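Observations on chain architecture
Residues per chain are reported as follows:
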Amino acid sequence: KEAYGIESAHTILRGTLRYKGYSSAMDTLLQIGLFKTDKMNLSSFTWGDLTKHMLGDRHMSTTDCKKKLLALFDGDRLRVQTVVKLGLLDSSPIPAGLNSPIDALVDKLASSLMMPPDETDVIIMNHSVGVRLPSGKREMHRSNLVVYGEENGWSAISSGINAEYGM
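Residues numbered from 1 in each chain as written. Predicted model: local features only at pLDDT ≥ 70, side-chain atom pairs only at ≥ 80, totals over all residues. Heavy atoms only, no water.

1. Some details on the nonpolar core
- Membership of the largest hydrophobic core comes to 24 residues, with the highest contact counts inside it found for Ile32, Leu34, Leu50, Leu69 and Ile94.
- Mapped by element, the contributors of at least two residues to this core are α1 (22-32), α2 (47-54), α3 (62-72), α4 (77-85) and α5 (101-112).
- Contacts of Leu69, omitting those with residues within four sequence positions, involve Ile32, Leu55, Val80 and Val83. (Core = buried A, V, L, I, M, F, W, Y, C linked by side-chain atoms within 4.5 Å. Buried < 20%, exposed > 50% of the residue type's maximum accessible area, 1.4 Å probe, protein only. Helix = DSSP H or I, 4+ residues; strand = E, 2+ residues; numbered from the N terminus. Contact = heavy atoms within 4.5 Å.)

Okay, here's the thing in structure tokens:
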């Protein structure tokens, strides 16, 4: 309620639907420590180095790192696969100028999860607001937004964000 500046509201429900496994993947990255904002000198780090460092030992082998991840996530192999598929155990260097785990992660995700030009996205938003008027009468107000991305053009998220800032 406070975050939206409507402390008088009795109930607020907010959610975002993502693809299957999204929450687990984000929790995996969080648990490893890649959301940390602490400043670090990452100039000589590879992605594998950073992941291993966040797990306590930058110089452990990749095999040991996977074992440590399996232990951390109670044997959940899908979480280890998430780390591998995102390239977080790779020997490629972290780009210069990135000074925290979250900065490095954002850069990695932005480049590795970029939508191919022949794909499109969609935003579907529904806001339902129930109000009780001073007279005691209840009303439900609804607002819907559907934005489709353009093939080889603007994504829906880009269009949607720009529309919000333009208002």
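2. Here's the deal with the confidence of the model for the protein
- Per-residue confidence for the protein gives a mean pLDDT of 87; residues scoring 70 or more make up 92%.
- No element of the protein has a lower mean pLDDT than helix α6 (residues 156-166), which averages 66, and none a higher one than α2, which averages 97. (pLDDT = per-residue confidence, 0-100.)

3. Focus: the environment of Ile102
- Mapped onto the elements, Ile102 comes out in helix α5.
- Judged by relative accessible area, which is 21%, Ile102 ranks as partly exposed.
- Distance in space between the C-alpha atoms of Ile102 and Leu29 is 9.7 Å, their sequence separation being 73 residues.
- With residues near it in sequence (within four places) discarded, Ile102 still touches Leu34, Phe35, Lys36 and Thr37.

4. Things to note about the environment of Ser112
- The topology assignment puts Ser112 in helix α5.
- The class for Ser112 is partly exposed, based on a relative accessible area of 39%.
- Remark: the alpha-carbon pair of Ser112 and Arg138, spanning 26 residues in sequence, is separated by 48 Å.
- Within the structure, Ser112 has its side chain in polar contact with the backbone oxygen of Lys108 (distance 2.8 Å). (Polar contact = N/O pair within 3.5 Å; in protein donor to acceptor, adjacent residues only side chain to side chain.)

5. Overview of the packing of aromatic side chains
- In total, this model carries zero aromatic pairs according to the counting rule given.
- Positioned above the aromatic ring of Phe45 is the side chain of Arg58, whose terminal nitrogen or guanidinium carbon lies 3.8 Å from the ring centre. (Phe/Tyr/Trp six-rings, centres within 6.5 Å; stacked < 30°, edge-to-face > 60°. Lys NZ or Arg CZ within 6 Å of the ring centre and 35° of its normal.)

6. Overview of the packing of α3 against α4
- Closest axis-to-axis distance for the α3/α4 pair is 8 Å, and the angle between their directions is 135°. By the angle class used here, α3 and α4 are oblique. When you trace α3 past α4, the crossing you get is right-handed. Contact with α3, carried on its side by Lys66, Leu69 and Leu70, involves Arg77, Val80, Val83 and Val84 of α4 and no other residues of that element.
- Each residue belonging to the contact of α3 with α4 can be placed in one class, and the counts come to five nonpolar, no polar and two charged. (Axes fitted to C-alpha atoms, helices over the stretch in contact; angles between N-to-C directions. Parallel < 35°, antiparallel > 145°, perpendicular 65-115°, else oblique. Left-handed = near helix turned anticlockwise from the far one by under 90°. Nonpolar A, V, L, I, M, F, W, Y, C, P; charged D, E, K, R; others polar.)

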